[in-house]
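Chain and residue survey
The primary structure of each chain is shown beneath.
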Amino acid sequence: MSSISQGNWQKAFGLVLLGVLLIVFPVVVPDPSYVGMLVTCGIASILAMSWIMILRVGHLSLGQVAFLAVGAYSSAIAATRFGLSPWLGLILGGFITAVFALAIGYVVLRIRGLYFAIMTFAFAEVIRLGISNSKFMGGVEGISGIPEFSPIALPGLSIMKFDSAVACYYLMLLLVGGTALVLWRIDHSGLGRTCRAIAMNEDLSQSLGVPVFKYKLISFVVACFFAGVGGAFSAHYYRCLDPTSFTVTASVIVQIQATVGGAGAIVAGGILGATLITIVDHFLISIDPRLIILFMGGVILAVTFFLPEGVVSLPRVLRRGRLRVGNRFHN
Amino acid sequence: MILFKYLKSWMSAPGFRWASLAGMTNYDTASKGEKKGCIFIKGFSVTLLEVRQVTRYFKGLAALHQVDLEVFPGEILGIIGPNGAGKTTLFNVVTGFLQPSAGKILFKGEDITGLRPEKIAAKGLLRTFQITSLYSHFSALQNVMVAHHLPEKMSFWATLFNTASYRSREKHFWEKSQQMLRTFAPEIKMDAPANSLPHGHQQNLGLLMPLAASPELLMLDEPVTGMNLDETMAMMDRIKRVRDSGVTIILVEHNMRTVMGICDRIVVLNYGTKIAEGSPSEIKGNKQVIEAYLGGEE
């Protein structure tokens, strides 16, 4: 018992340390390119977490980036055309994406296995082509001049403006933290247990009276809600949008990030994978952009062979003292 | 969507018949005459499950052809038949995993034809699977926890905000699951992943899980496959104890000896049709059954 509580203390200490490090980072390293890189990591983390959340109920989404697009475009259009405050846009983006997810999920979640992946892939392409061909949504040129988050007065502090990467960085920390908290809570509750059970054995779950479809829909909608919020944030952070950033490749990268991080842990795996890949990409792109493709391929091979449970399992593997190649075959 | 859902639930509601709209009353549960071993109470049979003229085609091939079946409370009904006789199809049709091509299924006098499996389970008709079906990466305790889904009924928001009621409920069912494992299957290691348990323990766990949902009728699909004689006897004993606790049981089995030893009544299927029905001793002497199993003389 004491060892367990000791482990918990270590974990709590580690989390607090990480939090403090993240908060002081822009103060220690004021270089906006590094801060901006971390904001990108944050958006990618939210998306990777939402992807794992859908994987929890046994579905592989091949079009996760479409939900980012729905959130981003709803907030951007609301702000540029109707003058809605970006803060409200953040919530609006989430809700519109959730409604979209409800409608899409109501149809595609009835389909099992590979066909679900194909359907989400097709859906993502429909969304992207729809945006490209719609004048209202900016077409292929996209939307520019999206307003930044309006300044807010912090009690006890001066007025906080969101014209710098640093201010957006703190907002991003809040969003990732909130997403992580909610998804972690769901994953570690009875709801998460039932979701894992559904993924493991759908027939058995049904035979025990679990309304499988309802659970899938809940997970799907919750996951997409956060993807939408992340999208709305990215719209007001980059301040311009165009459909080329929502291609299938982007969806596949989400998958790679989550797999590298470890799809067994929603929060740790999603954030770790997204952050690692985004940071390495950031440095590789300054050397030679072609290296990224090489790196992605290599990292996928390495992880599936040596760390089938992702980078999050690295401490466990190190403690065991050796790598077990092809560990997944023992399952 | 809510309206649509409401409409759907209204149409599938137990009492709903199109005829009832026209002012006619339909007594589906009225008796159809004297049957062996059946108790009648003035126009109302106490049949727990009634399968009426159920037919199921697979691409034109009849896996089940006009099968009638009645199950009475408190009995153990055996369903036997050679390979491919349609036993498992019958199971799947009754529990909602397959839709019948024709026919009706009544549970407690209520039409459950075409309902989803989880709805049927919620009404008290649970099943097990032919190949031991568990959550293989979960521990035995987690398996039983998931099986408590029906009685537990958690609210999404209570779960999300980790409210006191949610926590106490979760704790209650955690303790209840442990209690169940300790009393019914003390030999099972609670914390070991289910796929690491010995085969016999896995099958015990498989039997235990539907019991967590407190069924009225439990359908067991070959519960003793791959067991040695001792394990088989222990399993039979277990099944009897489950029956004695008030659960009616339908048992599909290959092993004739076990079926004869435990069942109150036996139904024999062959090529998707019911060829015989009766007590174990009647079945043993039935010429058609012997022919079906050993082949007829030409």
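Residues numbered from 1 in each chain as written. Chains lettered and ligands numbered in written order. Predicted model: local features only at pLDDT ≥ 70, side-chain atom pairs only at ≥ 80, totals over all residues.

The subject of this paragraph is the environment of Gly124(B). Residues and elements named next belong to chain B. Looking at the element boundaries, Gly124 is found in the loop between helix H4 (117–122) and strand E8 (125–127). Linking Gly124 and Thr258, residues 134 residues apart in sequence, is a C-alpha distance of 26 Å. Not counting residues up to four positions away in its chain, the partners in contact with Gly124 are Pro215, Glu216 and Leu217. (Helix = DSSP H or I, 4+ residues; strand = E, 2+ residues; numbered from the N terminus. Contact = placed C-beta atoms within 7 Å.)

A few words now on the nonpolar core. Nonpolar side chains in soluble globular proteins tend to end up buried together. The biggest cluster of nonpolar side chains holds 163 residues, and the ones touching the most others in it are Met49(A), Ala69(A) and Leu251(B). Setting aside anything within four residues of it in sequence, one finds Ala69(A) in contact with Ile127(A), Arg128(A), Ile131(A), Gly231(A) and Phe246(A). (Core = buried A, V, L, I, M, F, W, Y, C linked by C-beta atoms within 7 Å. Buried ≥ 20, exposed ≤ 12 C-beta atoms within 10 Å, placed from the backbone.)

So, on to the sheet that holds strand E4 (residues 61–71) of chain B. Residues and elements named next belong to chain B. Judged by pairing direction, the sheet is antiparallel, and its four strands sit side by side in the order E4-E3-E6-E7 without closing on themselves. Each of the sheet's edge strands pairs with one partner strand only, and the pair in question is E4 and strand E7 (110–111). With five bridges connecting them, strand E3 (residues 49–58) and strand E6 (residues 102–107) associate as antiparallel partners. If you follow Leu49 over to E6, its bridge partner there is Phe107. On the sheet, helix H3 (residues 87–94) packs against E3, E4 and E6 and is oriented at approximately 65° with respect to E4. (Pairing = 2+ DSSP bridges. Axes fitted to C-alpha atoms, helices over the stretch in contact; angles between N-to-C directions.)

Residue and element names in this part refer to chain B. When you tally the buried positions in strand E5 (residues 76–80), you get five out of five residues, the bulk of the element. Burial of the side chains of E5 extends over both faces: Ile76, Gly78 and Ile80 are buried on one face and Leu77 and Ile79 on the other. As paired elements, E5 and strand E10 (residues 248–252) share four bridges and run parallel to each other. Bridge pairing in E10 links Ile79 to Val252.

Before going further, it helps to spend a moment on the interface of chain A and chain B. The interface of chain A with chain B comprises 21 residues on the first partner and 29 residues on the second. Going through the elements one at a time, helix H6 (165–187), helix H7 (190–200), helix H8 (202–207) and helix H9 (212–238) of chain A are the ones with two or more residues in the side of chain A that touches chain B. At six residues, the largest contribution of residues to the side of chain A that touches chain B is made by H7(A). Residue classes in the side of chain A that touches chain B are distributed as 11 nonpolar, seven polar and three charged. (Nonpolar A, V, L, I, M, F, W, Y, C, P; charged D, E, K, R; others polar.)

Residue and element names in this part refer to chain B. Most of strand E9 (residues 217–221) sits inside the fold, with five of its five residues counted as buried. Side-chain alternation along E9 places Leu217, Met219 and Asp221 on one buried face and Leu218 and Leu220 on a second face that is also buried. Where E8 lies against E9, three bridges are found, and the strand directions are parallel. Paired with Leu125 across the two strands is Leu217, which belongs to E9. Pairing between E9 and E10: five bridges, direction parallel. Among the inter-strand pairings, Leu218 is bridged to a residue of E10, identified as Ile249. Following the backbone out of E9, through helix H10 (residues 229–244) and into the adjacent parallel E10, one traces a crossover that is right-handed. (Right-handed = clockwise from strand over helix to strand, strands pointing away.)

Attention now moves to the domain arrangement of chain B. Residue and element names in this part refer to chain B. According to the domain assignment, chain B contains domain 1 (29–124 + 216–298) and domain 2 (133–214). A C-alpha centroid distance of 28 Å is found between domain 1 and domain 2. Facing 10 residues of domain 1, the contacting portion of domain 2 comprises eight residues. Elements supplying a minimum of two residues to the side of domain 1 that touches domain 2: H4 and H10. With four residues, the top contributor of residues to the side of domain 1 that touches domain 2 is H10. Partitioning the side of domain 1 that touches domain 2 into residue classes produces seven nonpolar, one polar and two charged. (Domains from an automatic or database assignment.)

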